[in-house]
Amino acid sequence: MNDSSPATAQINPPQRLLMGPGPVNADPRVHRAMSAQLVGQYDPSMTGYMNEVMELYRGVFKTQNEATLLIDGTSRAGIEAALVSLVEPGQKVLIPVFGRFGYLLKEIAVRVGAEVAVREKDWGQVFTAEEIEQAIIEEKPTLLALVQGDTSTTMNQPLEGIGEICAEHGVLFYTDATASLGGNEFLADAWGIDAATAGLQKCLGGPSGSSPITLSEKAVETVRARRHVEEGIADGTAGQGTRIASNYFDLSMILDYWGPQRLNHHTEATTMLYGVRECARLLLQEGMDSAIKRHRLHGEAMLAGVQGLGLQVFGDVAHKMNNVVAVEIPAGVDGDAARNAMLTDYGIEIGTSFGPLHGKVWRIGTMGYNARKDAVLLTLAALEQVLRSAGAQITAGGGVGAAQEIYQNEVTAR
Ligand SMILES: *Cc1c(COP(=O)(O)O)cnc(C)c1O
């Protein structure tokens, strides 16, 4: 390496407006919080910040759960920690799958040695509570694992009532709320959720790299029953359950680390924790209900905008998440070339798709820091130009116009 080698140059990423299904641009205040100086792992200021993070995320998840903390790693670290710690090998997990992330839950549950039962929906649809109850009756699982918002299809699975069904049948209820939390209603306690995990890079407005998690008392008991003598538990409270097959994701040890015992586990990712704290602080300062309303408004404006351009929207729009829309690629348009033109000519990233939707739809997000009017209007204006250049039949000015109408109506309604 010499001085002209790119690897020795200061990092200077291009300016991008990230309007895909995540990651999105982080709020500048989150970046600023993450530039704060480090402190030691057991410095009273650090353990104080850890306690504050627990309190703040109780507000975000809408829960009284004492066990509300962070798993270090991206969102799937939270998923792995939940499944490896809550499910013992041989126990049955029921997974209603309505998109790609349902299959991720399935893969992880198989890896932790669970017996996995799956129900599947066509992409673009969600399950009814009755369908889920019927599957619980048929399969008698130990745990139900259900995604709330699946960005692969943009669907928002209703969770209300599912917790009661689970409680009635003695089933633990885990949900992956990564894509939805902060931009769509989420009520951990009111909905009877035993375990929920999330990530920062969607509606929470931060970078990926930390996974907030909350556990009900029942979930904590389940985890505690798997604390093992080998872990050097001093208080003699080791449980009878199978030892958790992961050190890093052993929630019983992580709980002892975040709890008053402060038993050493990993070194908490200090810089991430500063960012995570700022994400929640900003959301709670805005108010969770206001944040959800903001996501609804800008999501509606984007939806109206793409429809105003004359484009079709994929899936059951009544169950769409507020923060992402799947737009059908018009006939004759090369989807990847158009995305590329959005990026190189306008600096705007929109998303491609997976599985059965690959090459058929783009996914456009309006979430976190980018759930903003200027971001929506810029994206629609650029998309119109790109589609026009690609020879698509679109309504001139229809995108920005339809979105502006949504914003006007919002002003009048206030
Ligand atoms: C985006 C998303 C994830 C992302 O997981 P990472 O490990 O952060 O990449 C997980 N689950 C759902 C439902 C998502 O939408």
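Residues numbered from 1 in each chain as written. Predicted model: local features only at pLDDT ≥ 70, side-chain atom pairs only at ≥ 80, totals over all residues. Heavy atoms only, no water.

**Regarding the overall build of the chain**
So, step 1. Counting its regular elements, the chain contains 13 helices and 13 strands.
So, step 2. What you see for the chain is a C-alpha radius of gyration of 22 Å, in line with the 22 Å of a compact globule of 414 residues.
So, step 3. For the chain, the proportion of its 414 residues judged to be buried stands at 56%.
So, step 4. For the chain, the proportion of contacts with a sequence separation of at least 24, taken over those separated by at least 6, is 70%.
So, step 5. Element-wise, carbon and sulfur atoms account for 50% of the exposed surface of the chain, whose accessible area totals about 17,600 Å².
So, step 6. The average position of the 33 basic charges and that of the 48 acidic charges among the side chains of the chain differ by 4 Å. (Helix = DSSP H or I, 4+ residues; strand = E, 2+ residues; numbered from the N terminus. Rg over C-alpha atoms; globule rule 2.2 N^0.38 Å. Buried < 20%, exposed > 50% of the residue type's maximum accessible area, 1.4 Å probe, protein only. Contact = heavy atoms within 4.5 Å. Areas by Shrake-Rupley, 256 points an atom, 1.4 Å probe, with all protein chains shown as cover. Lys, Arg positive; Asp, Glu negative; His and termini not counted. Charge placed at Lys NZ, Arg CZ, Asp CG, Glu CD.)

**Quick look at the domain arrangement of the chain**
So, step 1. Assigned domains of the chain: these are domain 1 (28–284) and domain 2 (288–413).
So, step 2. The C-alpha-based centres of domain 1 and domain 2 are spaced at 30 Å.
So, step 3. The junction of domain 1 with domain 2 conceals about 2,100 Å² of combined surface from both sides, 67% of it contributed by carbon and sulfur atoms.
So, step 4. Applying the counting criterion to the domain 1 and domain 2 interface returns one salt bridge.
So, step 5. We note a salt bridge from D289 to K62, for which the minimum N-O separation is 3.8 Å.
So, step 6. Counting across the interface, domain 1 meets domain 2 through eight residue pairs in polar contact (both at pLDDT 80 or more). (Domains from an automatic or database assignment. Buried area = accessible area lost by both parts, 1.4 Å probe. Salt bridge = Lys/Arg side-chain N within 4 Å of Asp/Glu carboxyl O. Polar contact = N/O pair within 3.5 Å; in protein donor to acceptor, adjacent residues only side chain to side chain.)

**A closer look at helix α13 (residues 398–413)**
So, step 1. The first and last C-alpha atoms of α13 sit 22 Å apart over 16 residues, in line with the 22 Å expected at 1.5 Å per residue.
So, step 2. Among the residues making up α13, those that are buried are G398, G399, A402, A403 and Y407.
So, step 3. Where α13 is buried, its residues touch α10 (288–308) and α12 (373–389). (Expected span 1.5 Å × (residues − 1).)

**Brief notes about empty space enclosed by the protein**
So, step 1. The final tally for this structure, using the stated rule, is one cavity of 30 Å³ or more.
So, step 2. One number sums up the size of the largest cavity: a volume of about 40 Å³.
So, step 3. Contributing to the lining of the largest cavity are V60, K62, N184, E185, F186, L187, M288 and I292.
So, step 4. For the lining of the largest cavity, the residue count by class is five nonpolar, one polar and two charged. (1 Å grid on protein atoms, 1.4 Å probe; cavity = no way out; pocket = protein on both sides within 12 Å on 5 of 7 lines; lining within 4 Å. Points joined across faces, edges and corners; volume = space filled by probe spheres on them. Nonpolar A, V, L, I, M, F, W, Y, C, P; charged D, E, K, R; others polar.)

**Re the site of the ligand**
So, step 1. If you check the shell around the ligand, you find T74, S75, R76, F101, V147, G149, T151, D176, T178, A179, Q201 and K202 and nothing else.
So, step 2. Note that an oxygen atom of the ligand is positioned 2.6 Å from one of the side-chain N or O atoms of T74.
So, step 3. D176 is positioned such that a nitrogen or oxygen atom in its side chain is 2.7 Å from a nitrogen atom of the ligand.
So, step 4. When the ligand sits alone it has 390 Å² of accessible area, and the protein chains cover 88% of it. (Near = heavy atom within 4 Å.)

**Thoughts on the nonpolar core**
So, step 1. The biggest cluster of nonpolar side chains holds 87 residues, and the ones touching the most others in it are Y57, F186 and W258.
So, step 2. Setting aside residues no more than four positions away along its own chain, W258 makes contact with M50, N51, V53, M54, L69, L70, E268 and L273. (Core = buried A, V, L, I, M, F, W, Y, C linked by side-chain atoms within 4.5 Å.)

**Some thoughts on the packing of helix α11 (residues 335–346) against α12**
So, step 1. Closest axis-to-axis distance for the α11/α12 pair is 10 Å, and the angle between their directions is 120°. Comparing their axes, α12 and α11 come out oblique. Every pair of crossing elements has a handedness; the one defined by α11 and α12 is right-handed. Contacts between α11 and α12 pair A338, A341, M342 and Y346 from the former with T379, A382, L383, Q385 and V386 from the latter. (Axes fitted to C-alpha atoms, helices over the stretch in contact; angles between N-to-C directions. Parallel < 35°, antiparallel > 145°, perpendicular 65-115°, else oblique. Left-handed = near helix turned anticlockwise from the far one by under 90°.)

**Some points on the packing of aromatic side chains**
So, step 1. Applying the stated criterion across every chain, the model contains four aromatic pairs.
So, step 2. When the centroid spacing of 5.3 Å and the interplanar angle of 70° are considered together, the rings of Y248 and F249 count as edge-to-face.
So, step 3. For Y248, a relative accessible area of 38% puts it in the partly exposed group.
So, step 4. Linked through ring pairs, F61, F186 and W191 together constitute an aromatic cluster.
So, step 5. Residue placement shows K121 over the ring face of F127; its charged tip is 5.6 Å from the ring centre.
So, step 6. The ring of Y369 carries the charged tip of R372 above its face, separated from the ring centre by 4.7 Å. (Phe/Tyr/Trp six-rings, centres within 6.5 Å; stacked < 30°, edge-to-face > 60°. Lys NZ or Arg CZ within 6 Å of the ring centre and 35° of its normal.)

**With respect to the pairing of strand β10 (residues 210–215)**
So, step 1. The buried fraction of β10 amounts to six of the six residues, a majority that puts the element mostly inside the structure.
So, step 2. Judged by which residues are buried, β10 turns out to be covered on both faces: S210, P212 and T214 on one side and S211, I213 and L215 on the other are all buried.
So, step 3. In this structure, strand β2 (residues 67–72) lies alongside β10, joined through six bridges in antiparallel fashion. Looking across to β10, one finds that T68 is bridged to T214.
So, step 4. Taken together, the three bridges between strand β9 (residues 195–197) and β10 define a ladder with antiparallel strand orientation. Looking at β10, one finds that A196 is bridged to T214. (Pairing = 2+ DSSP bridges.)

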